[in-house]
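One letter stands for each residue in the lines below.
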Amino acid sequence: MDDLLQKAADALRVAKRVSVLSGAGVSKESGIPTYREALTGLWSNYSFQELASPEGFRQNPGKVWDWYTERRMQLKTVYPNPGHIALAKLAALVPALTIITQNIDDLHERGGSHDVMHLHGKLNEVKCFYNCQGEPTLVNEDDFVHGESSPPTCPHCGRWLRPNVVWFGEMLPVGMFARAEAIAAESDVFIVAGTSGMVFPAAQLPLTAKESGATVIDINPDATDYDAFADISLRGGFGQIMPALFDLVSQGR
Ligand code: OAD
């Protein structure tokens, strides 16, 4: 493991552009469950068709709204872990570092990262289900219209509000994936951390980077499909591996 960490640190030290694709695993050590892990993953305990699709929302808007409200509340009780913080510090050591996250939490930002793209939206944002004023029609909490029923309604059109997250069957935020692909293709080092690589198109970004010549580093306690082409597979939790990697990169300066 020490050799692999050293090899990863060497690649990072000379990189001009570093990109990171993060998934639920990076927030696990902060206390947020992942999606697909047996027993503990959200989708082993809840139905994603019911809770994470436009059809599920249409069928039971109150239930879906309440589930996300609970997750929004939970987010207030958790904090960035040492992995989030080390990644933010790494950004100061390299010329450019962009995080492309699939996570809807804000733990990268609260950990000190600035250049963060949220491919799957943000749990803390709310929009009109019909995007009545354009895509997305975001609404501030102060402007929610709370009636008898849940969810609250849009101040512009009076129809349902929903979380600004990407559900199954929906498109990613306009233009964002094209930007993510361009960033992946320009990377010298591409770190893929805490993702099972099951959800496309995000899952294809590491391959785009590899095909464009990047050194691909996978951080995950378990084997992933990325091992087939990753240059360096670091087996372990993000909260341990990322600080160790940061320490090595900073020592070499
Ligand atoms: P998954 O739940 O599919 O995968 C989580 C990954 O994190 C697995 O590969 C775990 O082995 C790994 N993992 C677990 N603990 C870890 C740790 N301490 N450090 C690093 N890795 C760890 O989550 P995602 O790949 O993020 O979509 O799922 C992708 C998308 O599917 C999510 O963004 C969400 C979900 O449905 C939407 O919300 C649209």
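Keep in mind the model is a prediction, meaning the values are calculated, not measured.

In the neighbourhood of the ligand, 23 residues make up the surrounding shell, with Glu29, Tyr35, Arg36, Thr195 and Ser196 lying closest. Within the side chain of His120, a nitrogen or oxygen atom sits 2.8 Å from an oxygen atom of the ligand. Here an oxygen atom of the ligand sits 3.2 Å away from a polar atom, N or O, in the main chain of Gly194. Here the ligand, which alone exposes 790 Å², has 94% of that area covered by the protein. Of the residues belonging to the shell around the ligand, the class tally is 8 nonpolar, 10 polar and 5 charged. When residues are assigned to domains, the shell around the ligand turns out to be shared by domain 1 (1-30 + 80-120 + 172-253) and domain 2 (33-77 + 122-165), each giving three or more.

So, on to the side chain of Ser53. Summarising the element assignment, Ser53 is placed in the loop between helix H4 (48-51) and helix H5 (54-59). Among the polar contacts made by the side chain of Ser53, one reaches the main-chain carbonyl oxygen of Gln49 at a distance of 2.6 Å. Contact partners of Ser53, with chain neighbours within four places excluded, come to Phe48, Trp167 and Phe168.

Core analysis: the biggest nonpolar cluster contains 31 residues, and Ile191, Ile219 and Leu234 have the highest contact counts within it. Among the elements of the structure, helix H1 (2-14), strand E1 (17-22), helix H7 (82-91), strand E2 (96-101), strand E6 (189-193), strand E7 (215-220), strand E8 (232-235) and helix H11 (238-251) are those that each provide at least two residues to this core. Here the element with the most residues in this core is H11; it accounts for 7 residues. Setting aside chain neighbours within four positions, we find Ile191 in contact with Leu12, Val18, Ser19, Val20, Leu21, Ile217 and Ile219. Counting 21 residues, the second largest nonpolar core, distinct from the first, contains Met176, Ala184, Phe190 and Leu205.

What counts as what
Think of each chain on its own: its residues are numbered from 1, step by step along the sequence as written. Note on the predicted model: pLDDT of at least 70 is required for a residue's local features to be given, and 80 or more for side-chain atom pairs to be given and counted; whole-chain, interface and lining totals, by contrast, use all residues. Only hydrogens and water are set aside; all other atoms, that is, all heavy atoms of the structure, feed into the side-chain values. Near is defined per residue: the residue qualifies when any heavy atom it owns lies within 4 Å of the molecule or strand. The term polar contact refers here to a pair of N or O atoms within 3.5 Å; inside protein, the definition further demands a hydrogen-donor-capable atom paired with an acceptor-capable atom, and it admits residues adjacent in sequence only when both atoms are side-chain atoms. The accessible surface values rely on the Shrake-Rupley method and a 1.4 Å probe; as for residues, cover is taken only from the protein chains in view. For this classification, Asp, Glu, Lys and Arg are treated as charged, while Ala, Val, Leu, Ile, Met, Phe, Trp, Tyr, Cys and Pro are nonpolar and the rest, including Gly, are polar. Where each domain begins and ends is defined by an automated method or by a domain database. Here a strand is any run of E in DSSP of at least two residues, a helix any run of H or I of at least four, and the numbering for each starts at the N terminus. Should any heavy atoms of two residues lie within 4.5 Å, those residues are counted as being in contact. Working definition of a nonpolar core: buried Ala, Val, Leu, Ile, Met, Phe, Trp, Tyr and Cys residues. They are joined through side-chain atoms within 4.5 Å. Whether a residue is buried, partly exposed or exposed follows from its accessible area with a 1.4 Å probe, protein chains only, as a fraction of its type maximum: under 20%, in between, or over 50%, in that order.

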